[in-house]
Amino acid sequence: QVQLVDSGGGLVQAGGSLRLSCAASGRTFSSYTMGWFRQAPGKERAFVAAISGGGGITYYEDSVKGRFTISRDNAKITVYLQMNSLKPEDTAVYYCAAKNQFWDFRSPATYDYWGQGTQVTVSS
């Protein structure tokens, strides 16, 4: 069983930065693939980024490549999402998620555990 707590969201102007954190519980954190997803009002939950258990493999949704960076600190059992050059279209609730297998990391249906979400609002 893994429990995830998201934090770090807020209101920022376009072009600004935020760093989201996802603190996890559980002794097997390093075995989990971690993902970040976001959900804007009226839209489905969408993939943002994923990182393998050891941190050596990362993937990003095309619109955030070069702006967002996913990382993890297995000693602190925390995963991060550094978001730079934020745009109004990045406004959403952001969720971290964990799964046992790396395959199909873009699909939210394959993740076993979810954080409660943190609101990110980017003003123009």
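Residues numbered from 1 in each chain as written. Predicted model: local features only at pLDDT ≥ 70, side-chain atom pairs only at ≥ 80, totals over all residues. Heavy atoms only, no water.

K.L.:
So, the packing of aromatic side chains: which residues are in play, and what are the values?
P.N.:
In the structure shown here, the tally under the stated rule is ten aromatic pairs. Ring plane angle 80° and centroid distance 6.4 Å describe the contact between Tyr 95 and Trp 114, whose orientation is recorded as edge-to-face. You can see Tyr 95 sitting in strand E9 (residues 92–99) and its partner Trp 114 sitting in strand E10 (residues 113–114), a full 19 residues away along the chain. In this structure Tyr 95 comes out as buried when scored by relative accessible area, which is 14%. According to the relative accessible area criterion, Trp 114 is partly exposed, its value standing at 28%. A cation over an aromatic ring shows up here: Arg 45 above the ring of Trp 114, its NZ or CZ 4.8 Å from the ring centre. Here the basic side chain of Lys 99 rests over the ring of Tyr 111, its NZ or CZ set 5.0 Å away from the ring centre. (Phe/Tyr/Trp six-rings, centres within 6.5 Å; stacked < 30°, edge-to-face > 60°. Helix = DSSP H or I, 4+ residues; strand = E, 2+ residues; numbered from the N terminus. Buried < 20%, exposed > 50% of the residue type's maximum accessible area, 1.4 Å probe, protein only. Lys NZ or Arg CZ within 6 Å of the ring centre and 35° of its normal.)

K.L.:
Before we move on, can you summarise the sheet that holds strand E3 (residues 18–24) with the specific residues and values?
P.N.:
Where strands meet in a sheet, backbone hydrogen bonds hold them as pairs that are either parallel or antiparallel. The strand order across the open sheet built from four strands is E1-E3-E8-E7, with neighbouring strands paired in antiparallel fashion. The sheet is open, and its two borders are formed by strand E1 (4–7) and strand E7 (68–73), each paired with just one other strand. The sheet shows a mean angle of 15° between the axes of neighbouring strands, direction not considered. Relative to strand E8 (residues 78–83), E7 runs antiparallel, the two being bridged by six bridges. (Pairing = 2+ DSSP bridges. Axes fitted to C-alpha atoms, helices over the stretch in contact; angles between N-to-C directions.)

K.L.:
Tell me about the state of the cysteines, residues and numbers included.
P.N.:
Across all of its chains, the model carries one disulfide by this definition. Here Cys 22 pairs with Cys 96 through a disulfide, and the sulfurs are 2.0 Å apart. Looking along the S-S bond of the Cys 22-Cys 96 disulfide, the torsion reads about 50°, which is the right-handed sense. Of this pair, Cys 22 sits in strand E3 while Cys 96 sits in strand E9; the two residues are 74 residues apart in sequence, bridging distant segments of the chain. An identical accessibility class is assigned to Cys 22 and Cys 96; each is buried. (Disulfide = S-S within 2.5 Å.)

Read these as geometric descriptors, not functional statements.
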